[in-house]
Amino acid sequence: DAKTTQPNSMESNEEEPVHLPCNHSTISGTDYIHWYRQLPSQGPEYVIHGLTSNVNNRMASLAIAEDRKSSTLILHRATLRDAAVYYCILRGTNAGNMLTFGGGTRLMVKP
Amino acid sequence: DGGITQSPKYLFRKEGQNVTLSCEQNLNHDAMYWYRQDPGQGLRLIYYSQIVNDFQKGDIAEGYSVSREKKESFPLTVTSAQKNPTAFYLCASSVIAGQGATNEKLFFGSGTQLSVL
């Protein structure tokens, strides 16, 4: 799987939107962009994924750059429960199709 | 409720001892995975299984063993050969694995914290 680059940490105020960036300059044409988040002492949970077009679901929105070399996870109104580590992962067509999780972005939400 | 169950939540290992971590899923998923997470780090893949009676090594398989005798179960044994076993272990599953699975999401258990006495 191709590598992704994310900031180590970000801070947000409660009730404000949050934009979490991810760079993936070596993405291949068939790689899907997945986002997961991990709350303290828990397993990661799926947030959203996409290939080329922007995606929305009840948790977040995913904005994908036209050249697909970067993407942004958007939380429209951050809550204290959104404080977590957010992982941006590329899921490719290699034999095991395993997800490789880097260090992610630790999001801190201030009340 | 459908999901993945890992047990125990906390486990302690003595020097030279093998320990087995349990992972059970009732999601009817074909693929299952084991990851290791060290403090402040991301997840690293230990083993994965795409189908019953088949499994493949991940990035850090040395010192670990697995079996996949049933679709629902994918236990991980941390052997005495694993010299630094203290970590948070996560089990996951997905509908399928392989080349058609780029669109599939992973479902994770709540993890097992393994420590060495």
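Cut-off values and rules
- Residues numbered from 1 in each chain as written.
- Chains lettered and ligands numbered in written order.
- Predicted model: local features only at pLDDT ≥ 70, side-chain atom pairs only at ≥ 80, totals over all residues.
- Heavy atoms only, no water.
- Phe/Tyr/Trp six-rings, centres within 6.5 Å; stacked < 30°, edge-to-face > 60°.
- Helix = DSSP H or I, 4+ residues; strand = E, 2+ residues; numbered from the N terminus.
- Buried < 20%, exposed > 50% of the residue type's maximum accessible area, 1.4 Å probe, protein only.
- Salt bridge = Lys/Arg side-chain N within 4 Å of Asp/Glu carboxyl O.
- Pairing = 2+ DSSP bridges.
- Axes fitted to C-alpha atoms, helices over the stretch in contact; angles between N-to-C directions.
- Disulfide = S-S within 2.5 Å.

Novice: An account of the packing of aromatic side chains is requested, with residue identities and associated values reported.
Specialist: Evaluated as defined, the whole model comprises 10 aromatic pairs over all chains. Taking the centre distance of 5.8 Å and the plane angle of 80 degrees together, the rings of Y36 of chain A and Y46 of chain A count as edge-to-face. Of this pair, Y36 of chain A sits in strand β3 (residues 32-38) while Y46 of chain A sits in strand β4 (residues 45-50), and the two are 10 residues apart along the sequence. Y36 of chain A gets classed as buried once you look at its relative accessible area, which sits at 0%. Seen in terms of ring centroids, Y47 of chain B and F55 of chain B are 5.9 Å apart; in terms of plane orientation they differ by 80 degrees. Their pairing is edge-to-face. Overall, Y47 of chain B belongs to the buried group, its relative accessible area being 8%.

Novice: Which residues make up the pattern of salt bridges, and what are the values?
Specialist: Between side chains of opposite charge, a pair can form when the charged atoms approach closely. Scanning the entire structure with this criterion turns up seven salt bridges over all chains. For K110 of chain A, the salt bridge is made with E11 of chain A, and the minimal N-O distance between the two is 3.1 Å. Of this pair, K110 of chain A sits in strand β9 (residues 105-110) while E11 of chain A sits in strand β1 (residues 9-13); the two residues are 99 residues apart in sequence, bridging distant segments of the chain. We note a salt bridge from D38 of chain B to R44 of chain B, for which the minimum N-O separation is 2.7 Å. D38 of chain B gets classed as buried once you look at its relative accessible area, which sits at 16%. Relative accessible area serves as the criterion here: at 38%, R44 of chain B is assigned to the partly exposed category. Through salt bridges with shared partners, one network takes in R37, E45 and D82 of chain A.

Novice: Any details on the sheet that holds β9 of chain A? Residues and values, ideally.
Specialist: Residues and elements named next belong to chain A. With mixed pairing, five strands are arranged side by side in an open sheet as β1-β9-β8-β3-β4. Each edge of the open sheet is held by one strand with a lone partner, namely β1 and β4. Adjacent strand axes in the sheet meet at a mean angle of 25 degrees when their direction is disregarded. Direction of pairing for β1 relative to β9: parallel, over a ladder of five bridges. Each residue of the ladder has a partner; that of N13, found in β9, is K110.

Novice: I'd like to hear about the state of the cysteines, residue by residue, with values.
Specialist: Residue and element names in this part refer to chain A. Considering all chains together, one arrives at two disulfides over all chains under this definition. Across the disulfide from C22 sits C88; the S-S distance is 2.1 Å. With the S-S bond torsion at -80 degrees, the cross-link from C22 to C88 turns out left-handed. With a gap of 66 residues between them, C22 in strand β2 (residues 18-23) and C88 in strand β8 (residues 84-91) connect regions that are remote in the sequence.

Novice: Describe the side chain of S73 of chain B, with residues and values.
Specialist: When you line up the elements, S73 of chain B lands in the loop between β7 (64-66) and β8 (76-78). The exposure class of S73 of chain B is buried, given its relative accessible area of 10%.

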